[in-house]
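# A structural walkthrough
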Amino acid sequence: MKRRFLGLTLSGGAARGFVHIGVLKGFEDEKIKIYVIGGTSMGGIISALYATNPSWEYVYEKALQAKEEGLFKKLGFDIFSNEEKNIFQRLHDAVKEKIVLAKAFLNDGILPLEEVKESLEKFLDVKRFEDLKIPVYVSALELTRGEYVYFNKGSLVDALIATSAIPGYLPPLKKNGKIYVDGGAFSNIPVIFMKKIFNPKIIIASCLDRELDIKENLKGGYEFTIRIGHIMKNKNENEEIKCADIVIEHDIKDISWADFHKIDDFVNRGYEGFLRNKKSIKHKIRVKRFFFFLP
C-alpha cells in the first residue's frame, strides 16, 4: 500500500467536537490536503462526513441540518445544555436529568437502538466505508474481550453507532457476540490507529484540552470509580499523542459538551486553534514533503 502523506485524527467530545469543523476550514483555507482521517465519537462522525465530501462547508451544513431537524433533541442531549431557560424549564430539566441518569445505570441505553440507527441512516449520504472519497476509520471499545478496536470497512452506520455509544446513554452496537461502545471510554484521541493502519508521513491530532483537572472533596465509591476511569483514560491519551507530529489543542471547557446549539462558537474556536498552529503545520509539511519524495 502506497504511504499517504498527511493524516488527521479528531477527538471525541460531543458538541465540543464541532471545533474540528473549524480545523477543517483552516486546512482548506491553506490548501492543505488531508489524505486520511479518523477519530472517535463526534470526531469519528465528523471524519466520516468529511470523507463523504471533503469540504468543511459540507460538514458544517450537515451539523446545521442535524440541529434544525432536532436530531440532538431527539437523542435527548438538550436537557444537559446550558441554553438559557426560564425557572420552570430548568426545574423540569433537572427532574428529567435525574430520571435519565437513573435509566442509564439500569439499561444499555435510554434510546432504542433502532431509533438511533434510523436517525443515522437518514442523516448519512453514504452508508459504507468503501463508498467514501478518502480513507477513514473510527475507534470503539469492545467490552466482552476488553479490546480497543477500529472500524474501517463495511457498514458505516454500525461503526458510527459503536464509536458514539456513550455507555448507558446511547445504545451499544451488539454484533457477532461482541459489544461495542464509545472509543472515548478508553482514549479520546485515537492516534495509534492512524499510525497502525495508514502510517502517513505526517500525523496531526485535533483534540480537546487533555490536562487532568484537580478534583477535591471526592466522596464515595462512585466518584472514586469515575475518577479512576478519567485518570486511566488520560494516561492512554498521553501515550497516543506521542505518535502525532503536531497536536492542535482546544480549551473550550467554558462551553458545555451538550451545547449543540452553539455550532458557530465551536467552529470559530476550532479555526482559532488551527491558526495558532498554522506556522508549525506548514513548516512540518515543507520539511516532510522534501524528504517524502526522495528515492
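Okay, so let's go over this structure. (Residues numbered from 1 in each chain as written. Predicted model: local features only at pLDDT ≥ 70, side-chain atom pairs only at ≥ 80, totals over all residues. Heavy atoms only, no water.)

## Focus: the pairing of strand 4 (residues 147-151)
Here five bridges tie strand 3 (residues 136-142) to strand 4, and the two strands are oriented antiparallel to one another. Looking at strand 4, one finds that serine 139 is bridged to tyrosine 150. (Pairing = 2+ DSSP bridges. Helix = DSSP H or I, 4+ residues; strand = E, 2+ residues; numbered from the N terminus.)

## Remarks on the nonpolar core
Counting residues in hydrophobic clusters, the biggest one holds 65 residues, and the most contacted among them are Phe18 and Ile37. Contacts of isoleucine 37, omitting those with residues within four sequence positions, involve Leu8, Leu10, Leu24, Ser47, Tyr50, Ala51, Ile134, Pro135, Val136, Tyr137 and Met194. (Core = buried A, V, L, I, M, F, W, Y, C linked by side-chain atoms within 4.5 Å. Buried < 20%, exposed > 50% of the residue type's maximum accessible area, 1.4 Å probe, protein only. Contact = heavy atoms within 4.5 Å.)

## Considerations on the packing of helix 1 (residues 19-29) against helix 3 (residues 56-68)
Axis separation between helix 1 and helix 3 bottoms out at 9 Å; the angle between their running directions is 160°. Classified by the interaxial angle, the pair formed by helix 1 and helix 3 is roughly antiparallel. The two elements helix 1 and helix 3 meet at a crossing, and its hand is left-handed. Residue-level contacts link Ile21, Leu24, Lys25 and Glu28 of helix 1 to Trp56, Val59, Tyr60 and Ala63 of helix 3. Of the residues belonging to the contact of helix 1 with helix 3, the class tally is six nonpolar, no polar and two charged. (Axes fitted to C-alpha atoms, helices over the stretch in contact; angles between N-to-C directions. Parallel < 35°, antiparallel > 145°, perpendicular 65-115°, else oblique. Left-handed = near helix turned anticlockwise from the far one by under 90°. Nonpolar A, V, L, I, M, F, W, Y, C, P; charged D, E, K, R; others polar.)

## Digging into helix 2 (residues 42-52)
Residues lying three or four places apart along an α-helix face the same way, a consequence of the helix completing one turn every 3.6 residues. The buried count for helix 2 comes to eleven of eleven residues, which makes it a mostly enclosed element. Buried within helix 2 are the following residues: Met42, Gly43, Gly44, Ile45, Ile46, Ser47, Ala48, Leu49, Tyr50, Ala51 and Thr52.

## Details of the pairing of strand 3
Burial analysis of strand 3 places seven of its seven residues in the buried class, which makes it a mostly covered element. Covered by surrounding structure in strand 3 are Val136, Val138, Ala140 and Glu142 together with Tyr137, Ser139 and Leu141, the residues of both alternating faces. Hairpin connection, strand 3 to strand 4: the antiparallel pair is bridged by four residues, and glycine 146 has positive phi, about 65°. As paired elements, strand 3 and strand 6 (residues 178-182) share three bridges and run antiparallel to each other. For glutamate 142, the partnering residue across the bridge sits in strand 6 and is tyrosine 180.

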